[in-house]
Amino acid sequence: MVHLTGAILLAAGCGWLGFQAAEGLRRKSRSFRQLAQALALVERELELGAPPLPQLLERVAGRSAGPAKQLLEACRRGLDRLEEEDFSQLWRRQVAAMEILGAEGQAVLSPLGDVLGRYEGRAQQERTAAVRRGLEELAGRWEEERRRQGRVYQVLGLSAGAFLVILLL
Amino acid sequence: MERKTTWQAYRQAVRALPRRLQQEALSLEEEEQSRAEELRLRVGWPMTVLLPEGERALGGAPVESRELDQLLEIASQASVHAVLDQLRRGYLTIEGGHRIGLCGTAAMESGEIRTLRTLSSASIRVARQIKGVCAPVLDGLCPGGRLADTLILSPPGQGKTTLLRDLIRAVSCGEGCHPQRVSLADERGEVAALYRGTPQLEVGPRTDVVEGCPKAQGLMLLLRAMNPQVLAVDEITAPEDVAALETAAGCGVTLLATAHGWNREDLERRPIYRAMLEKKLFRFCVQIKREDESRSYIVEELR
């Protein structure tokens, strides 16, 4: 009975690891997608009337989700402490803290902090669009990766579980 | 007469400074903070404070160029794009109505200032509203309890804008006269100092403000959009302003305006104002006389 319980737990654990690995890929592509959507909203706000950054970040954060929402909200809060840290540094620091983006994603998103609020509305819009396209490309790449590898991880997890169960029994 | 803010206004204004300069500005004694009119920053020189008795260095290290950039970043809340129009005019208004004047190397485009590329100096002017300054003239300007068409006249720096603001506030509140809807064309944001849509200086509950556009256009917008009973404008300087006021007068709106000048004779010597006087747009003219700290007013009937 103990053996059976152990084997079931082991199989479930291995399966869970496989599903987690697949879920990580899905989360990554979804995060890039959410960030790209948020930047599309930023572009729209800049086009409509280029509001000051506090309003812009507040509005877009309110209509965003996931890491995009967290990033925009953290930057909005940071605007109340500009005497300690300027917006560019603040943005870079917050982006660097988003591990889910990886080095490649961070390299795409970080430079936007040097542009937002500093350039004229049209120039900000153009640069934001360029970053959004970069994120969409990464989202597409991770989506493809998920399709390719996600199923493999799940099957590997389950197979490893089954293999261990056979070995133990 | 109520002097609304003392050192709180100063403390609010210095929040626009980078941390080091903020601490330096706050090292000033409280009594001096309450009297300070401006803080001045010039690259390569220590920050100074302007008191009624004169300008004095605060004794800190010289201001660095990057600190002026930081000042702009803080004052605009990292939103230079949203204050570019103000920057082109050389100043921006921050919360509390305090005004930051900036100068440096201008970047030109089509013969006009596009922006300031490198900042060299800045001044932070502490906004303080003096309520009640219109009390001595209010009765005389409101025959039958309603404000009559009024022109405020004085040379620069004598308190025209202060009197205009207080008259607007009093009429809008119905303080000493019948309350009326006032529309204000505040081209440079000196009267109401809008910040995120809220007047930072009190102009009353029945006052609508348009700012950032030429006075004549602002006046016509207000006339069309806000159905004012009183139309107020600071500093009539162009024939278009007079034309807009004439249109408003034709619609039965009461006019309240200011102009640079010593007295009526001085106005009559200048073509723009002469035409305005001939058209009898204003019933009363208020002249401001200032001696040391005190002001006196002369009300003259024009028609």
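Residues numbered from 1 in each chain as written. Chains lettered and ligands numbered in written order. Predicted model: local features only at pLDDT ≥ 70, side-chain atom pairs only at ≥ 80, totals over all residues.

S.K.: An account of the sheet that holds strand E6 (residues 99–109) of chain B is requested, with residue identities and associated values reported.
M.R.: All names here are of chain B. If you trace the six strands from one edge of the open sheet to the other, you get E4-E3-E2-E7-E6-E5, paired in antiparallel fashion. In the strand order of this sheet, the two ends are held by strand E4 (54–57) and strand E5 (91–93), each with one partner. This sheet shows a mean twist of 35 degrees between the axes of neighbouring strands, independent of strand direction. Here strand E2 (residues 38–42) runs beside strand E7 (residues 112–125); their pairing, made up of five bridges, is antiparallel. Its bridge partner being in E7, leucine 41 is matched across the sheet by alanine 122. (Pairing = 2+ DSSP bridges. Helix = DSSP H or I, 4+ residues; strand = E, 2+ residues; numbered from the N terminus. Axes fitted to C-alpha atoms, helices over the stretch in contact; angles between N-to-C directions.)

S.K.: Describe in detail the interface of chain A and chain B, supporting the description with residues and values.
M.R.: The interface is formed by 17 residues belonging to chain A together with 13 residues belonging to chain B. When grouped by side-chain class, the residues that make up the side of chain A that touches chain B number nine nonpolar, three polar and five charged. (Contact = placed C-beta atoms within 7 Å. Nonpolar A, V, L, I, M, F, W, Y, C, P; charged D, E, K, R; others polar.)

S.K.: So what's going on with the domain arrangement of chain B? Residues and values would help.
M.R.: Partitioning chain B into domains gives domain 1 (2–125) and domain 2 (131–301). For domain 1 of chain B versus domain 2 of chain B, the distance between C-alpha centres works out to 29 Å. (Domains from an automatic or database assignment.)

S.K.: Help me get a handle on helix H6 (residues 121–168) of chain A, residues and values and all.
M.R.: Since one α-helical turn is 3.6 residues long, residues separated by three or four positions face the same way. With 48 residues, H6 of chain A extends 66 Å between its outermost C-alpha atoms, agreeing within 8% with the 70 Å of an ideal straight helix rising 1.5 Å per residue. The largest bend in H6 of chain A is about 35 degrees, located at glutamine 149 of chain A. (Expected span 1.5 Å × (residues − 1). Bend = angle between axes of the 7 residues up to and from the residue.)

S.K.: Describe the pairing of strand E3 (residues 48–51) of chain B, listing the residues and the values that go with them.
M.R.: Residue and element names in this part refer to chain B. Examined bridge by bridge, E2 and E3 share three bridges and lie antiparallel to one another. Across the sheet, the residue bridging to glutamate 38 is leucine 50, located in E3. In textbook terms, the turn of a hairpin is the stretch between consecutive antiparallel strands, and for E2 and E3 this stretch comprises five residues, one of which, glycine 44, has a positive phi near 90 degrees. Inspection of the sheet shows E3 paired to E4 by four bridges, in the antiparallel sense. What sits directly across from leucine 50, in E4, is glutamate 55.

S.K.: How would you explain the environment of arginine 141 of chain A if you had to name every residue and give the values?
M.R.: For arginine 141 of chain A, the location among the structural elements is in helix H6. Separated by 117 residues in sequence, arginine 141 of chain A and glycine 24 of chain A have C-alpha atoms that sit 14 Å apart.

S.K.: Could you give me a rundown of the nonpolar core, with the residues and numbers involved?
M.R.: Taken as a class, soluble globular proteins show a tendency for nonpolar side chains to be buried jointly. With 117 residues, the main nonpolar core has Leu135 of chain A together with Ala16 and Ala232 of chain B as its most contacted residues. Per-element tally for this core: the top contributor is helix H1 (residues 2–48) of chain A, with eight residues. (Core = buried A, V, L, I, M, F, W, Y, C linked by C-beta atoms within 7 Å. Buried ≥ 20, exposed ≤ 12 C-beta atoms within 10 Å, placed from the backbone.)

S.K.: Could you give me a rundown of the packing of helix H2 (residues 53–62) of chain A against helix H3 (residues 66–78) of chain A, with the residues and numbers involved?
M.R.: Residue and element names in this part refer to chain A. Viewed as axis vectors pointing N to C, H2 and H3 meet at an angle of 155 degrees, and their least axial separation amounts to 9 Å. Judged on the interaxial angle alone, H3 and H2 are roughly antiparallel. As H2 runs across H3, the sense of the crossing is left-handed. Here Pro54, Leu57, Glu58, Val60 and Ala61 of H2 come into contact with H3, specifically with Lys69, Leu72, Glu73, Cys75 and Arg76. (Parallel < 35°, antiparallel > 145°, perpendicular 65-115°, else oblique. Left-handed = near helix turned anticlockwise from the far one by under 90°.)

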